[in-house]
There are 2 protein chains.
Amino acid sequence: MQKKKGSLLSFRPDIKVVDATIRDGGLVNNFHFTEDFIKDLYAANVAAGVDYMEFGYKASKDIFDETEFGPWKFCEEEDIRHIVGDNDTDLKIAVMADVGRCNYKRDIIPRSESVIDLVRVATYINTIPAALEMVEHSKQLGYEATINIMAISNAKESEIEEALDLIGKSDVDGIYIVDSYGALYMEQIEELAIKYLAMTEANNKYVGIHAHNNQQLAFANTIAALTCGVSYLDATVNGMGRGAGNCATEQLLGFLKNPKYDMIPILKFLEKHMTPLKESGVVWGYNIPYLLTGQMNRHPRSAIAATNEGRTDFLNFYLELGDKD
Amino acid sequence: MQKKKGSLLSFRPDIKVVDATIRDGGLVNNFHFTEDFIKDLYAANVAAGVDYMEFGYKASKDIFDETEFGPWKFCEEEDIRHIVGDNDTDLKIAVMADVGRCNYKRDIIPRSESVIDLVRVATYINTIPAALEMVEHSKQLGYEATINIMAISNAKESEIEEALDLIGKSDVDGIYIVDSYGALYMEQIEELAIKYLAMTEANNKYVGIHAHNNQQLAFANTIAALTCGVSYLDATVNGMGRGAGNCATEQLLGFLKNPKYDMIPILKFLEKHMTPLKESGVVWGYNIPYLLTGQMNRHPRSAIAATNEGRTDFLNFYLELGDKD
């Protein structure tokens, strides 16, 4: 195994906590958050010492119907400014842009005119060249940019090697390990982290981790990654995110030892907003169908459907999953 | 870091899965399970290839009032036999005996007259000599015996060294890492595992792990331990256990690659019994108060109280915890 970075009592100044509550959580409620929620989350992140806050997607209004989604599906400049003003804080603002779902040449404006700091380009392994074009564009506009390779549990080693070669030669600032299916174990996360870090250390880039909680391993996998040297850590308040959700901010801040992080604003936000949100019927988090899709390395869509239908016939669900290939 | 044992595709024949559903789950409902529940759990464990099933405690009726608890607090021979007959299966039967709460000289009968195979002696670090006396007695009666040192997150390294010395010289078959507070991270579990294994490998004993899910790390910690060479793995169906509960059998069986293990009987049992049990108001599993006591390495009792009271004032709860020392 690899040499570990850092210890349980000290802290690593390279660690950045990235709040992805609106972006991944928005997949649960079509981005229909109240303004109060977003304002309080922003204030909580600033007060908690969180390093980045992802406001949502830069999705194209040519592709997605504005009437179906809240504003954070599109992250218009004026909507973000309405919350953050000129963002005169230490918190950086991030957005996600999906390959093929973003008119980036039109919708990403020069950094000098924007409060956005970081553009995270989400891609599958087979669309890396398109993703790198978006990265290049964002970098030229003045942004920090990452490339987030989703569903990495489905990629072959040879594909990953080739992707890392291409990414190494690019201008991108960081690359993310994204376990979209919540299928990976710590050992596999560590193997990926070592591969990614070999590329980034040679090219002055950083590595991030975005974990899903299908097997209740999101927090554990985040710790495993950071112990290897991964430094950008995605988390969401109360783990809010698609399906089984993500590594929870309140888990992660309890683990990190940097005194700049403060749990209290997150607990306050959680109490004020997340408990009522759950009570209002918005559903996310670990359950047996998510465990099973995670174990079988499948997209969580069938588990999302089972959850929405309130299915408790777990054995049938399991047998159906097995029959699908 | 240590050399890992096994790989993600192969399996280790030394691994044993120990079902602790009744024993740890009984702490949630005072052992008031229906006979149907126990019979079905026994059948499910046999069919799933589970190696041991812990039926409950051998608590003394002089100390605990029989009218307050179900029979599995006491595990009388005839109550176990009523479920398992002569237990003509490959599943072994375990019971737990707490130091100071068990009249073991009276209540543990010779192995030749019992269906019980394994006596697990639960102790704190400061009562190891008393625990070893119980172990010695059980061994003389013909049983397999383990010593399970609870709340190990509160023990000093020097105490652990001394305990391991004493245990190494004893007749005990196995020693358990017990993270009663769900406070430990994988790195700490690995450090303990390495220490325990150094003693057991020199003395022909084995190491087990019993994890709690306060920080959603029970499964991750169990994997971390087994990867180091720990071989007895406690799990409970649906994670049922005190407070935040335990590593879930359905998580663990999805990870283990030994073809003798079968997930289907566990899912069937879960569907038939655990969902209704939860719906009937029996409460266990991860929540924010458990996360906080875990992070702060505290006994879960205040989080159990907060859960029973339905408290959602997480910030107050957190501040109260901090004030308690």
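None of these values were measured; they are calculated from a predicted model.

Before going further, it helps to spend a moment on the overall build of chain A. Across its full length, chain A carries 13 helices and eight strands. Taking 20 Å as the expected radius of gyration for a compact globule of 325 residues, we find that chain A reaches 19 Å, a close match to that expectation. With the C-alpha coordinates of chain A rotated into their principal frame, the extents come out at 55 × 45 × 45 Å. By residue count, 62% of the 325 residues in chain A fall in the buried class. Intrachain contacts of chain A at a sequence separation of at least 6 include 75% that bridge at least 24 residues. Put simply, chain A shows about 12400 Å² of open surface, and 48% of that area lies on carbon and sulfur atoms. Averaging the coordinates of the 32 positive side-chain charges in chain A and doing the same for the 48 negative ones gives two points 3 Å apart.

The next thing to look at is the confidence of the model for chain A. For chain A, mean pLDDT is 96; residues scoring 70 or higher make up 98% of the total. Model confidence for the complex: the whole-complex pTM is 0.97, and ipTM, which rates the interface, is 0.96.

Further remarks concern the environment of Asn-221 of chain B. All names here are of chain B. Examined against the element boundaries, Asn-221 turns out to sit in helix α8 (residues 218–228). For Asn-221 and Ala-211, which are ten residues apart along the polypeptide, the C-alpha to C-alpha distance reads 6.8 Å. Contact partners of Asn-221, with chain neighbours within four places excluded, come to Asp-179, Leu-184, Tyr-185, Met-186, Ile-189, Ile-209 and Ala-211.

The α-helix advances 3.6 residues per turn, and as a result positions three or four apart in sequence lie on the same side. Residue and element names in this part refer to chain A. Every buried residue belonging to helix α3 (residues 77–84) is among Glu-77, Ile-80, Ile-83 and Val-84, and all of these are buried. Across the axial projection of α3, the buried residues extend over an arc of 130 degrees, all falling on one side. Packing partners of the buried residues in α3 comprise α2 (35–48), β2 (52–57) and β3 (92–98). Directly after α3, the chain includes Gly-85, whose backbone phi takes a positive value near 60 degrees.

Residues and elements named next belong to chain A. Strand order around the closed barrel formed by eight strands is β1-β2-β3-β4-β5-β6-β7-β8, with parallel pairing between neighbours. Going from strand to strand, the sheet's axes swing by 25 degrees on average, the running direction of each strand aside. Sheet analysis places strand β1 (residues 16–19) next to strand β8 (residues 232–235), joined by four bridges and oriented parallel. The residue bridging Lys-16 from the neighbouring strand is Tyr-232, located in β8. Its contacts with the sheet put helix α1 (residues 21–29) on β1, β2, β3, β4 (118–123), β7 (206–210) and β8, and the angle it makes with β2 is roughly 35 degrees.

Here the focus is the pairing of strand β2 (residues 52–57) of chain B. Residues and elements named next belong to chain B. In terms of burial, β2 is largely enclosed, as six of its six residues are buried. Across two bridges, strand β1 (residues 16–19) lies against β2 in parallel orientation. Across the sheet, the residue bridging to Val-18 is Tyr-52, located in β2. The pairing of β2 with strand β3 (residues 92–98) spans four bridges and is classified as parallel. Note that in β3 the partner of Tyr-52 across the bridge is Lys-92. Tracing the backbone out of β2, into helix α3 (residues 77–84) and back to the parallel element β3 gives a crossover that is right-handed.

With that settled, consider the environment of Ile-149 of chain A. Position of Ile-149 of chain A relative to the elements: it lies in strand β5 (residues 144–149). In sequence terms Ile-149 of chain A and Arg-101 of chain A are 48 residues apart; their C-alpha atoms lie 15 Å from each other.

This next bit is on the pairing of β3 of chain A. All names here are of chain A. Counted residue by residue, β3 has six buried out of seven residues, so it is predominantly covered. With five bridges joining them, β3 and β4 adopt parallel strand pairing. Its bridge partner lying in β4, Asp-98 is registered against Ala-122.

What follows deals with the interface of chain A and chain B. Contacts between chain A and chain B engage 39 residues on the former and 39 residues on the latter. When chain A packs against chain B, the two sides together hide about 3700 Å² of surface, and 68% of this comes from carbon and sulfur. Counting every contact that joins chain A to chain B gives two salt bridges. Notably, a salt bridge pairs Lys-4 of chain A with Glu-187 of chain B, separated by 2.6 Å at the nearest N-O pair. On inspection of chain A and its partner chain B, the count reaches 14 residue pairs in polar contact (both at pLDDT 80 or more). Listed by contribution, the elements that provide at least two residues to the side of chain A that touches chain B are α7 (186–203), α8 (218–228), α9 (249–255), α10 (264–279), α11 (288–295) and α13 (314–323) of chain A. Split into classes, the residues belonging to the side of chain A that touches chain B amount to 21 nonpolar, twelve polar and six charged.

Turning our attention to the relation of the copies chain A and chain B. Mapping chain A onto chain B calls for a screw motion: a turn of 180 degrees about the axis and a shift of 0.0 Å along it, with 0.0 Å RMSD after fitting. Within this description, the copies of the chain are treated as partners about a two-fold rotation axis. Interface overlap between copies is the fraction of interface residues in one copy that are interface residues in the other; for chain A against chain B it reaches 100%, indicating a shared surface.

Here is what the cut-offs are and how they apply
- Residues numbered from 1 in each chain as written.
- Chains lettered and ligands numbered in written order.
- Predicted model: local features only at pLDDT ≥ 70, side-chain atom pairs only at ≥ 80, totals over all residues.
- Heavy atoms only, no water.
- Helix = DSSP H or I, 4+ residues; strand = E, 2+ residues; numbered from the N terminus.
- Rg over C-alpha atoms; globule rule 2.2 N^0.38 Å.
- Buried < 20%, exposed > 50% of the residue type's maximum accessible area, 1.4 Å probe, protein only.
- Contact = heavy atoms within 4.5 Å.
- Areas by Shrake-Rupley, 256 points an atom, 1.4 Å probe, with all protein chains shown as cover.
- Lys, Arg positive; Asp, Glu negative; His and termini not counted.
- Charge placed at Lys NZ, Arg CZ, Asp CG, Glu CD.
- pLDDT = per-residue confidence, 0-100.
- Arc of directions from axis to C-beta.
- Pairing = 2+ DSSP bridges.
- Axes fitted to C-alpha atoms, helices over the stretch in contact; angles between N-to-C directions.
- Right-handed = clockwise from strand over helix to strand, strands pointing away.
- Buried area = accessible area lost by both parts, 1.4 Å probe.
- Salt bridge = Lys/Arg side-chain N within 4 Å of Asp/Glu carboxyl O.
- Polar contact = N/O pair within 3.5 Å; in protein donor to acceptor, adjacent residues only side chain to side chain.
- Nonpolar A, V, L, I, M, F, W, Y, C, P; charged D, E, K, R; others polar.
- Least-squares fit on C-alpha atoms with pLDDT ≥ 70 in both.

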